[in-house]
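Remarks on the overall topology
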Amino acid sequence: MTLKEKIQQLPDKPGVYQYFDKNGHLLYVGKAKNLAKRVKSYWQFTPQLCANPQLSLRISKMIKQTVSMDYIIVNSEHDALILENSLIKQLSPKYNILLRDDKTYPYIYIDNSQEYPRFDITRKVINSKDITYYGPYSVGARDILNSIYDICKLVQKKSCLKSKKLCLYYQIDKCLGPCELPISKERYQQEVTLASQLIKNKKLLLGRLEEKMEFYAQELRFEEAAELRDTIERIERSQIKSEIDFATNEHYDIFAIESSEKRAVVVKIFMRHGKIISSSHEYLQLHEGLDLNELYSRALLGFYKDEKPPITAPILLPQSFEDKELIAHHLTKVFGQKAHILIPQRGKKKDLIALAKLNARELLKKDRETLNVKILEELQELCQLQKVPNRVEIFDNSHMSGVATVGAMVVYENAKFDKKSYRTYHLKAKDEYSQMRETLTKRVESFSKNSPPDLWILDGGATLLKLALDILESNGINLDVIAISKEKVDAKAHRAKGNAQDILYTKEQIFRLKTSDKRLQWVQNLRDEAHRAAITFHKKTKLKLDQESRLLSLHGISAAKIQKLLNHYGTFEALKSATFDDIRSLLNTKDAKTIKNFYK
C-alpha cells in the first residue's frame, strides 16, 4: 500500500501516527482526536502527494522527508496524548521536542498527628489529613532540612523516641529530650513553629546560618565554616530573588519559555503562601525549530507526570497554546480536582510571568556565553550527525581476566559532565564484544524512564559501532553513534598524552584527525572520563569481591567453588538473594547450607 493510499484510508478515530523517512528512521510522532482529519491536513493530494503549502517551514521540511507512516488507534484523545508522550520519550524522534528534566521534586513535610512530630522529605503524597507540606524544591531540600535540625531542638531521628533514653543530641543541646523527659506539647510546638518559620522564610534561615558560619570562622573551625558556606550557596540557588509578595497564602506554578535560533530554555518558578520558594530551568537544543505548543505540552506533562503532587497550584503561563484544554483535562485527572491553566493579563500574576521571562532571557544569554557551540557544530558537520550533540552518553567496560566485569556510562550535557546521570553496570559477559552488548542493551531498556541522548560514543572500533547500531535499529531507535579506538603501535594501544592518534568511526566513514584537532580532543576527553569511571567502579567491585571471597574461604568454600558461583550468578548480591535449592544445584548440600548461613 502506498503512502497516499494509507493516508486516504485512515479511520475517523483518535490515535497516534508516526512518520518515517526513506531509511525507516522515525521522524515524528503526533496525536489526533481524528486520525483521518489530522494526518490529511499535512498533505496536498493533487496533482501528486506533497506537503500542504500552509504548513510551517519546520513541518513542511519533515513532510518532504516522509515516505511511510504507521498509526495506532486508541480509545480517546486523552489516551492518544499519553501514548504520544511515552513514545517521544522512548524514541526521541528527529522533529519532536524532548524535555529530559522529568524528575520529581522533593517536598519537606511534617505529620502533625504525632505527639512529637518531626520534619522529613517526600516526593509523593502521604495519605494523612494531618500532613503539612513545604515545597517543591529544585535543589537544597536536604540542606534546608539539615539546617532546621541544626538550629531547632527537635526529635532528630525516627528511632530516637523508641529508645526511651537521652542520647548525644540532648547532650549537645540539639534536642529537648522528649524520649525520657516530661516535655510539654506546648514547649515542643515552639520548636516546630520556629522550624516552620525558617522553612517558609529563607532570608531568616540564611541569616541564622551566616551567623553560625561567622562563629565557626572566628573559632578557627574552618572546615565547618566551609561546609556551612556550601550549604548556604545551595539553598540560595534554589530560588529566584524577587520583591513580589502577594501577602496572602496563594500558591502558583509558573512556566515560561524563551528561545534563540538553536536553543531554548524552560523556567519553572514555584510560589507558596504568596512567596517565591524555589525555581529551576532546563535548556534544550532546537534541532529542527521551535514548536511552542509541543514545548509547553512536554513541559507540563513532564513535570506533573501521572501522580498527584503534594501541593496542587494554579498554573500561570505567558501565552495560550493549542493543546491547553487537553492538558488541563489530563491534569484534572492527575490532581483529582480541577486543574487551572491561566494566562494572566494584568496585576501581580502578570508580574510573575514577566519575572519568569526575564530570568529565561538571562539564562539564555548566559547559556550562549558558556557553551562551546562551535566545536559541537563542527563535529556534527564532520560526522554527519542528525543533531548537534548537546547531550552525549559515553560507554566503556572494565575487567581483570574476566573478574569483576563492569560497564560504565558517563553523561555530558551543556558543556559539562552530568555526574548525577552516570550509571554503572555489573556484567556477566566475559569478552569485550558481549560486554558492550550487555551494557548497551541495559541502557536501551531504560529509555522509557530516561530518554535517549543526542549521541552515543563508544570506546572501541568499527565492530562495536556496528553492534550499537544493530541494537538501536532492532529497538526502532534512531540515534547517532561514534566509536573511538586507540592507535596501534607495534600491535599495542598507543596512549601518549597529547599525541594519541586515535581513530574515529562513524556509520559512513573513518577519520584519522591530527592530534591538535579540537574535535578529536573533545571526543578523547569524553572517552577518557568514561574510562576513568569504568576503572574506578571495577576497582570497587574487585575489592568487594576479594573481601567476600576471603570471608567465604574462611568458611570452607574453595576458590574454585566461589568462581563457579560467580560465573553463574554474576555478583555476590545475586548469590546472596539465591535460594538454598538454587545453590545446592551447583554445589553440595553442606556448602549450600554454609553459604546461606554466612549471608544470614
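This write-up is about the structure you can find in this document.

What counts and what doesn't
- In this convention, every chain numbers its residues from 1, walking through the sequence in written order.
- Reporting of local features is limited, given that this is a predicted model, to residues whose pLDDT is at least 70; pairs of side-chain atoms are given and counted only at 80 or more, and all residues count toward the totals for whole chains, interfaces and linings.
- Excluding hydrogens and water, the side-chain figures rest on all heavy atoms present in the structure.
- Counting from the N terminus, the helices are the DSSP runs of H or I reaching at least four residues and the strands are the DSSP runs of E reaching at least two.
- Buried, partly exposed and exposed residues are distinguished by accessible area as a fraction of the type maximum, computed with a 1.4 Å probe on protein chains only: under 20%, between the cut-offs, and over 50%, respectively.
- Contacts: residue pairs with any heavy atoms within 4.5 Å of one another.
- In this tally, Lys and Arg are treated as positive and Asp and Glu as negative; His is ignored, and so are the chain termini.
- By convention, charge coordinates are those of NZ in Lys, CZ in Arg, CG in Asp, or CD in Glu.
- Whenever a pair of cysteine sulfur atoms sits within 2.5 Å, that pair is classed as a disulfide.
- Whenever Lys or Arg places a side-chain nitrogen within 4 Å of a carboxyl oxygen from Asp or Glu, that contact is recorded as a salt bridge.
- By nonpolar core we mean a set of buried residues, namely Ala, Val, Leu, Ile, Met, Phe, Trp, Tyr and Cys, connected to one another through side-chain atoms within 4.5 Å.
- At least two DSSP bridges between two strands are required for those strands to pair.
- Simply put, an axis is a line fit to the C-alpha atoms, just over the touching stretch for a helix, and the angle between two N-to-C directions goes from 0 to 180 degrees.
- An angle counts as roughly parallel when it lies under 35 degrees, as roughly antiparallel when it exceeds 145, as roughly perpendicular when it falls between 65 and 115, and as oblique in every other case.
- In this scheme the crossing of two helices becomes right-handed for a clockwise turn of the near helix relative to the far one and left-handed for an anticlockwise turn of less than a right angle.
- Residues were grouped as follows: Ala, Val, Leu, Ile, Met, Phe, Trp, Tyr, Cys and Pro as nonpolar; Asp, Glu, Lys and Arg as charged; and all remaining residues, including Gly, as polar.
- Think of a 1 Å grid over just the protein atoms. A cavity is a set of points where a 1.4 Å probe fits yet cannot get out, a pocket is an open set with protein on both sides within 12 Å along at least five of seven lines, and lining residues have an atom within 4 Å of a point.
- Grid points are joined across faces, edges and corners, and a volume is the space filled by probe spheres set on the points.
- Every helix has an expected span of 1.5 Å times one less than the residues it contains.
- Polar contacts, as counted here, are pairs of nitrogen or oxygen atoms within 3.5 Å of one another; within protein the pair requires one atom able to donate a hydrogen and one able to accept it, and residues that are adjacent in sequence qualify only if both atoms are side-chain atoms.
- Stacked, tilted and edge-to-face are the three classes applied to pairs of Phe, Tyr and Trp rings, where Trp contributes its six-membered ring and a pair requires centres within 6.5 Å; stacked means planes under 30 degrees apart, edge-to-face means over 60, and tilted covers the rest.

Brief notes about the overall build of the chain
Of the regular secondary structure elements, the chain holds 21 helices and 23 strands. Principal-axis analysis of the C-alpha atoms places the extent of the chain at approximately 90 × 75 × 55 Å. When the 600 residues of the chain are sorted by exposure, 50% land in the buried category. In the chain, 62% of the contacts between residues at least 6 apart in sequence involve partners at least 24 apart. The distance from the centre of the 99 positive side-chain charges to the centre of the 77 negative ones in the chain is 3 Å.

Some thoughts on the state of the cysteines
Summed over all chains, the structure comprises 0 disulfides. We note that C152 lacks a disulfide partner, and the nearest cysteine sulfur, in C175, lies 12 Å from it. In this structure C167 is not part of a disulfide, and its nearest cysteine sulfur, from C160, lies 4.5 Å away.

Points about the pattern of salt bridges
A side chain of one charge can pair with a side chain of the opposite charge if their charged atoms are brought near each other. The final tally for this structure, using the stated rule, is 32 salt bridges. Residue D291 pairs with R58 through a salt bridge whose shortest N-O separation is 3.4 Å. One end of the pair, D291, is in the loop between β11 (275-285) and α11 (292-304); the other, R58, is in helix α3 (residues 57-65), with 233 residues separating them in the sequence. The residues D291 and R58 share a single accessibility class, namely buried. Put simply, E258 and R361 hold a salt bridge, and the shortest N to O gap is 3.8 Å. Of the two residues, E258 is situated in strand β9 (residues 252-259) and R361 in helix α13 (residues 347-370); the sequence distance between them amounts to 103 residues. Put simply, K31, R58, E84, D291, E294, R298 and D323 are held in one network by salt bridges that share partners.

Focus on the nonpolar core
One finds F119, I148 and L154 to be the most contacted residues of the largest nonpolar core, which totals 61 residues. The residues contacting F119, other than those within four sequence positions of it, are I108, Y109, I110, Y134, L145, Y149, L154, V192, A195, S196 and I199. Residues V29, Y425, L440 and L472 belong to the second largest nonpolar core, which totals 33 residues.

Details of the sheet that holds β9
Spatial strand order, β11-β10-β9-β12-β13: 5 strands in an open sheet with mixed pairing. With one partner strand each, in any of the chains shown, β11 and β13 (341-342) form the two edges of the open sheet. In this sheet, β13 lies alongside strand β12 (residues 315-316) in parallel orientation, the contact comprising 2 bridges. In the sheet register, L316 faces β13, and the bridge partner there is L342. Strand contacts of α11: β9, β10 (263-272), β11, β12 and β13, with the helix running at about 140 degrees to β9, the strand carrying the most contacts.

Some details on the packing of helix α9 (residues 202-218) against helix α10 (residues 222-237)
Between α9 and α10, the shortest axis-to-axis distance is 8 Å and the interhelical angle comes to 160 degrees. Viewed along their axes, α9 and α10 adopt a mutual orientation that is roughly antiparallel. Two packed elements cross with a definite hand, and for α9 against α10 that hand is left-handed. Along the contact surface, α9 presents K202, L205, L206, L209, E210, K212, M213, Y216 and A217, while α10 presents F222, E224, A225, L228, R229, T231, I232, I235 and E236. Residue composition of the contact of α9 with α10, grouped by class: 11 nonpolar, 1 polar and 6 charged.

Observations regarding the layout of surface pockets
Remark: the empty space left among the atoms is shown by a probe the size of a water molecule rolled over them. When its volume is computed, the largest pocket comes out at roughly 2,000 Å³. For the lining of the largest pocket, the elements supplying multiple residues, two or more each, are α5 (141-151), α10, β11, α13 and β16 (416-417). Among the elements that line the lining of the largest pocket, the one with the most residues is α13, at 6 residues. When grouped by side-chain class, the residues that make up the lining of the largest pocket number 12 nonpolar, 12 polar and 23 charged. Its boundaries defined by the atoms lining it, the second largest pocket holds a volume of some 800 Å³. Together, 32 residues line the second largest pocket, and N23, H25, Q386, N478 and K507 are the ones closest to its centre. Of all the secondary structure elements, the ones that give two or more residues to the lining of the second largest pocket are β1 (15-20), β2 (26-32), α3, α16 (462-474) and β19 (480-485). Broken down by element, the residue count for the lining of the second largest pocket peaks at 5 residues, all from α16.

Focus on empty space enclosed by the protein
Throughout the structure, instances matching the rule amount to 3 cavities of 30 Å³ or more. The computed volume of the largest cavity comes to approximately 210 Å³. If you trace the largest cavity, you find 22 residues lining it, with L98, R100, Q285, H287 and D454 closest to the centre. The greatest single-element share of the lining of the largest cavity, amounting to 4 residues, is contributed by β11. When its residues are assigned to classes, the lining of the largest cavity shows 8 nonpolar, 6 polar and 8 charged. Roughly 60 Å³ of internal volume is contained in the second largest cavity. Contributing to the lining of the second largest cavity are S92, Q386, K387, P452, P453, D454, N478, L479 and D480.

Regarding α11
The end-to-end C-alpha separation of α11 is 18 Å, in line with the 18 Å expected for 13 residues at 1.5 Å each. Buried residues dominate α11, accounting for 12 of its 13 residues. The complete set of buried residues in α11 reads N293, E294, L295, Y296, S297, R298, A299, L300, L301, G302, F303 and Y304. N-capping of α11 is provided by D291, with a side-chain oxygen placed 3.1 Å from the backbone N of N293. Downstream of α11 by a residue or two, K305 has a phi angle that is positive, lying close to 55 degrees.

Remarks on the packing of aromatic side chains
Using the criterion set out here, one finds 21 aromatic pairs in the structure. Summarising the aromatic geometry, the rings of Y17 and Y42 are spaced 5.8 Å apart at their centres and angled 65 degrees between planes, so their arrangement reads as edge-to-face. Pair noted here: Y17 is in strand β1 and Y42 is in the loop between α2 (35-40) and β3 (43-44), with a separation of 25 residues, a long-range link. For Y42, a relative accessible area of 4% puts it in the buried group.

A look at unusual backbone geometry
In this model, T46 is joined to P47 through a cis peptide bond whose omega is 0 degrees. Within the secondary structure layout, P47 lies in the loop between β3 and β4 (50-51). Residue P136 follows G135 across a cis peptide bond; omega there is 10 degrees. Examined against the element boundaries, P136 turns out to sit in the loop between β8 (131-134) and α5. Phi angles above zero are rare outside glycine, and A415 is one such case at about 70 degrees.

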